[in-house]
Each structure stands twice: as structure tokens, then as C-alpha cells.
Amino acid sequence: MRLVLFLISLCLAAPALACGGLEPCRLGDRSYHVVPPEGWDGTSPLPVLLHFHGWGRLGRVPVQSPRTGGAANGAGVLFVAPDGLGRTWAFRRDGGVDTPFALDVLGDVARRFPTEGQPIVVSGYSWGALMAARFACESGAQIDALLLIAGAFPPDLPCQGRPARVSHVHGTTDTVLDFPYGPNGETTAAVALWRSQLGCADETRQFEWKAVEWLTHTRHEWDCADGLVTMDVHDASHLIPRGWVARHLSEILSAPGG
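What this report covers is the structure whose coordinates are included nearby.

Rules used throughout
- Residues numbered from 1 in each chain as written.
- Predicted model: local features only at pLDDT ≥ 70, side-chain atom pairs only at ≥ 80, totals over all residues.
- Heavy atoms only, no water.
- Phe/Tyr/Trp six-rings, centres within 6.5 Å; stacked < 30°, edge-to-face > 60°.
- Helix = DSSP H or I, 4+ residues; strand = E, 2+ residues; numbered from the N terminus.
- Buried < 20%, exposed > 50% of the residue type's maximum accessible area, 1.4 Å probe, protein only.
- Lys NZ or Arg CZ within 6 Å of the ring centre and 35° of its normal.
- Axes fitted to C-alpha atoms, helices over the stretch in contact; angles between N-to-C directions.
- Parallel < 35°, antiparallel > 145°, perpendicular 65-115°, else oblique.
- Contact = heavy atoms within 4.5 Å.
- Nonpolar A, V, L, I, M, F, W, Y, C, P; charged D, E, K, R; others polar.
- Pairing = 2+ DSSP bridges.

**Overview of the packing of aromatic side chains**
Here is step 1 of the chain: This model, assessed by the stated rule, comprises seven aromatic pairs.
Here is step 2 of the chain: Between Phe91 and Phe153 the ring centres are 6.4 Å apart and the planes differ by 55°, which places this aromatic pair in the tilted class. One end of the pair, Phe91, is in the loop between β4 (78-82) and α4 (98-112); the other, Phe153, is in the loop between β6 (145-149) and β7 (165-171), with 62 residues separating them in the sequence.
Here is step 3 of the chain: The exposure class of Phe91 is buried, given its relative accessible area of 6%.
Here is step 4 of the chain: For Phe153, a relative accessible area of 12% corresponds to the buried category.
Here is step 5 of the chain: Cluster of aromatic residues (ring-pair linked, three or more members): Trp55, Phe91, Trp127 and Phe153.
Here is step 6 of the chain: Sitting over the ring of Phe101, Arg30 keeps its end group 3.8 Å from the ring centre.

**Description of the packing of α4 against helix α5 (residues 127-138)**
Here is step 1 of the chain: Taken N-terminus to C-terminus, the directions of α4 and α5 make an angle of 80°; their axes are 10 Å apart at the nearest point. Between α4 and α5, the interaxial angle falls into the category roughly perpendicular. Contact residues: α4 offers Asp98, Thr99, Ala102, Leu103 and Leu106, while α5 offers Met131, Arg134, Phe135 and Glu138.
Here is step 2 of the chain: When grouped by side-chain class, the residues that make up the contact of α4 with α5 number five nonpolar, one polar and three charged.

**So, the sheet that holds strand β10 (residues 227-234)**
Here is step 1 of the chain: Strand order in the open sheet formed by ten strands is β1-β2-β4-β3-β5-β6-β7-β10-β9-β8, and the pairing between neighbours is mixed. Of all the strands in the sheet, the pair left with one neighbour each is β1 (25-27) and β8 (205-212). Here the average twist between neighbouring strands, direction ignored, is 20°.
Here is step 2 of the chain: Of the strand pairs in this sheet, β8 and strand β9 (residues 215-224) are connected by seven bridges, and their pairing is antiparallel. For Arg205, the partnering residue across the bridge sits in β9 and is Glu221.
Here is step 3 of the chain: Packed on one face of the sheet, α4 meets β1, β2 (30-35), β3 (48-52) and β4 and runs near 45° to β2.

Set out below in C-alpha cells:
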């Protein structure tokens, strides 16, 4: 309720903001949502979380979700949620319309807010995770962390991007985008592309990881020449695990250079 009231207040905020919260910002013939963290002083630099919504949704949905927009707010992060054309994303092949649109969104955000030189985290849920991966592969943007939730590209996808950190989470009972087992039943196939991109060692650390007490993830973690790759496996279905984005933002922003 507190988050909803905060978003409503943003919609009624000073004219200088022009848009924000549940009120979309227009960019050409398209739109996006942007929400500064509650209590922001209007001048301090802001890290950015660029989040791609799931199929059939618009940016206002993750804005209102405590698991995405609420997580960004709690971490003191500027939350940016583009609206997909037809409530979906052109992620299936490179050269689509959505990567340049998302770059334009980041450019427009930088004109409105003090984001220059701040960490950029890119995330996505379901089909939005596939769009986030596409953006990371072809945009050329410097991405400090890529958070992929219940959506994975195959390991042979042509990709030029090297985010400093890639974290993926997926449920083994997912019936919307099935859990991506490897050819021999491996449970870490979802991050094979990123392990290759970042030059990860074969050895993996495996341990239990929790963001909330009632959902245990099996965490796989690799040290890589160009960063860190993690994969969290749980036995729930097609969802954004509660607390998962929030804990990752905390880890990312508290890391050296974050």
C-alpha cells in the first residue's frame, strides 16, 4: 500500500517531472515508466534498474510490484520500465526495434535524472528476460549486472555483450517457459551462454541460497575472467521469487565499484 500511495503522489508531483510513476513518459510514438526512489533529494546520483516486463503486460505492472519496482525503491535505485509494442518484445533475432528503443529510453532518462557514471542493472521477467538478454547481447551498453528471471536463451546465440555480472533464476516446475535443462539433464544450461561470454571456469560452487525463509534456491556460482555468473534453481513455478531482485541489488551495489 505504501508503494502504491507513493506512485500516486508521483503522478501528482511538480510539473517539472512531467511524467513518472504510473504516468508514462512519451518518447516519440512509444512510452516508458520511470520512478525515482522515495525520499530522493532531487540531486544525488542514481543507479538505474532497466526492467523489461513480461508478455501481455506494460511497464506500469512491474512499477507497482514490490518484487521489482518496490525492490528498486528500497535499494535507492531509479526504476525504468519501457512499454513493449503490443505488450511484447522483439527479442527473437538481432536488429529488432526494441534494443534501439531501450537505448533511447536510457538516453532520455539521463536527461531527466543524474545517472551518468552510475551502475546500470538490466533485468527482465519471462519474455522480458529474453528481451533483457537480447539487449545485453546487441546494445553495446555497459551493463554492471544482468538479472534474468524465468527466461533463457540457448548457448549458441550470437552475442557480443559482456555484463560484469549475470544472475539467472528459474523454477523446475515452470510450465510457461519450461525449465531449461541441458542435453544430459544439466540444471545450469540457462547460463551456458553467459559462462562462455564471461570466460568462466568449469568449477562451480553450489550451496543453498535464500532471499526469504520459505523459498530455498540451489545456487550455482562461477568465477569468470570477466566477472561473475550465478544461477538459482527453485522448485516453484513461473514467478519472480519474493526478495530475489532486492537481494541482488543489495549485493551489486555493495560490491567494490558498485
